[in-house]
Amino acid sequence: MFYHIVADRYIPKVSDKEIEAKELEFASDSTLYENLLYLNLRQPEQYDSIDGYSYIEKSKETLDAQRAMLRTRAELEKLKADKKIADSMLMVPKYERFKKNWKEIRIAYHTNRLKSLSR
């Protein structure tokens, strides 16, 4: 009975190349956003006399780049989740999935350590 449930279920088809391409797209989107944000920070601050604080207004291009970066990140997370579901459903051995994810685990760990140290 379990075989029929799995056989009738839709298995998402996501290749490693799609994930790599989406990671490259996310990296380029985030680089563009950071560059545009840096250009905005070079602009003079504006003072809000009512609330009493200074701010730097983001340009339209910076806001568009930020939206594109967030959209690409969401698509990348969905692809990774679909890949994990497909691997589980196709019964890829756990050590194979762990071997592929080991690099991501190390990067996430060190990124979180750097964030905690910078606070």
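Given the structure is predicted, the values throughout are model-derived calculations rather than measurements. (Residues numbered from 1 in each chain as written. Predicted model: local features only at pLDDT ≥ 70, side-chain atom pairs only at ≥ 80, totals over all residues. Heavy atoms only, no water.)

*Asks:* What is the right way to look at the overall build of the protein chain in this model?
*Replies:* Within the protein chain one finds 4 helices and 2 strands. Order of helices (α) and strands (β) in the protein chain, N terminus to C terminus: α-α-β-β-α-α. Looking at the protein chain as a whole, 18% of its 119 residues qualify as buried. Partitioning the intrachain contacts of the protein chain with sequence separation of at least 6 by distance along the chain shows that 68% fall at a separation of at least 24. Only carbon and sulfur atoms are counted for the fraction: they give 58% of the accessible area of the protein chain, which is about 9,900 Å². (Helix = DSSP H or I, 4+ residues; strand = E, 2+ residues; numbered from the N terminus. Buried < 20%, exposed > 50% of the residue type's maximum accessible area, 1.4 Å probe, protein only. Contact = heavy atoms within 4.5 Å. Areas by Shrake-Rupley, 256 points an atom, 1.4 Å probe, with all protein chains shown as cover.)

*Asks:* Before we go on, may I ask you to explain the pattern of salt bridges in this structure?
*Replies:* Across all of its chains, the model carries 7 salt bridges by this definition. Here R67 ties to D64 by a salt bridge, and the two come within 2.7 Å at their closest N and O atoms. Of this pair, R67 and D64 both sit in helix α3 (residues 60–89), 3 residues apart, roughly one helical turn. Taking relative accessible area as the criterion, D64 reaches 32% and is therefore assigned partly exposed. (Salt bridge = Lys/Arg side-chain N within 4 Å of Asp/Glu carboxyl O.)

*Asks:* Explanation requested: the environment of K80 in the structure shown.
*Replies:* Along the chain, K80 turns up in helix α3. Residue K80 is classed as partly exposed on the basis of its relative accessible area of 23%. Sequence spacing of K80 and V14 is 66 residues, and the spatial spacing of their C-alpha atoms is 8.3 Å.

*Asks:* How should the confidence of the model for the protein chain be read in this particular structure?
*Replies:* Interpretation of the predicted coordinates at a detailed level should be avoided for regions scoring low in pLDDT. Here the protein chain shows a mean pLDDT of 80. Residues at 70 or above account for 74%. When pLDDT is averaged over each element of the protein chain, helix α2 (residues 16–41) comes out on top at 91 and helix α1 (residues 2–8) at the bottom at 49. In the predicted structure, residues 1–5 sits below a pLDDT of 50 and forms 1 contact with residues beyond four places in sequence or in another chain. (pLDDT = per-residue confidence, 0-100.)

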